[in-house]
Amino acid sequence: MIRVTRFSGQQYLINADQIETIESAPDTIITLLSGRKHIVRENADELLSRILAYRKGVLAGVIVSRKET
């Protein structure tokens, strides 16, 4: 999950694995696999950084659990 911000300032979490596309037109629009769209304050580069950090964390957890077995 990654944290994003609505234009109202409210923060919420989106499942990064469900993101299909991120557009900057000029607002940032996240489209999920379901087709649902979210307009957020963060720019595409910031979202990409958050997604990569999330995935690195997931992979790190997998590597640690494999070492434990």
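Figured I'd write up the structure that's included with this text. Remember, predicted model here, so these are calculated numbers, not experimental data. (Residues numbered from 1 in each chain as written. Predicted model: local features only at pLDDT ≥ 70, side-chain atom pairs only at ≥ 80, totals over all residues. Heavy atoms only, no water.)

## A look at the overall build of the protein
In terms of regular secondary structure, the protein is built from one helix and five strands. Traced from its N-terminal end to its C-terminal end, the protein shows the element sequence β-β-β-β-β-α. The buried share of the protein, taken over its 69 residues, is 25%. Restricting to contacts in the protein with at least 6 residues of sequence separation, those with at least 24 account for 35%. For the protein, the accessible surface area stands at approximately 4900 Å², while carbon and sulfur atoms represent 54% of it. (Helix = DSSP H or I, 4+ residues; strand = E, 2+ residues; numbered from the N terminus. Buried < 20%, exposed > 50% of the residue type's maximum accessible area, 1.4 Å probe, protein only. Contact = heavy atoms within 4.5 Å. Areas by Shrake-Rupley, 256 points an atom, 1.4 Å probe, with all protein chains shown as cover.)

## Things to note about the nonpolar core
Looking at soluble globular proteins, one finds that nonpolar side chains tend to be buried together. Residues Ile2, Val4, Tyr12, Ile14, Ala16, Ile19, Ile30, Leu32, Val40, Leu47 and Ile51 constitute the largest nonpolar core, which totals eleven residues. Of all elements in the fold, only strand E1 (2-5), strand E2 (11-14), strand E4 (28-32) and helix H1 (44-68) reach the threshold of two or more residues within this core. Residue contacts for valine 40: discarding those within four places in its chain leaves Val4, Thr5, Phe7, Tyr12, Thr28, Ile30 and Leu47. (Core = buried A, V, L, I, M, F, W, Y, C linked by side-chain atoms within 4.5 Å.)

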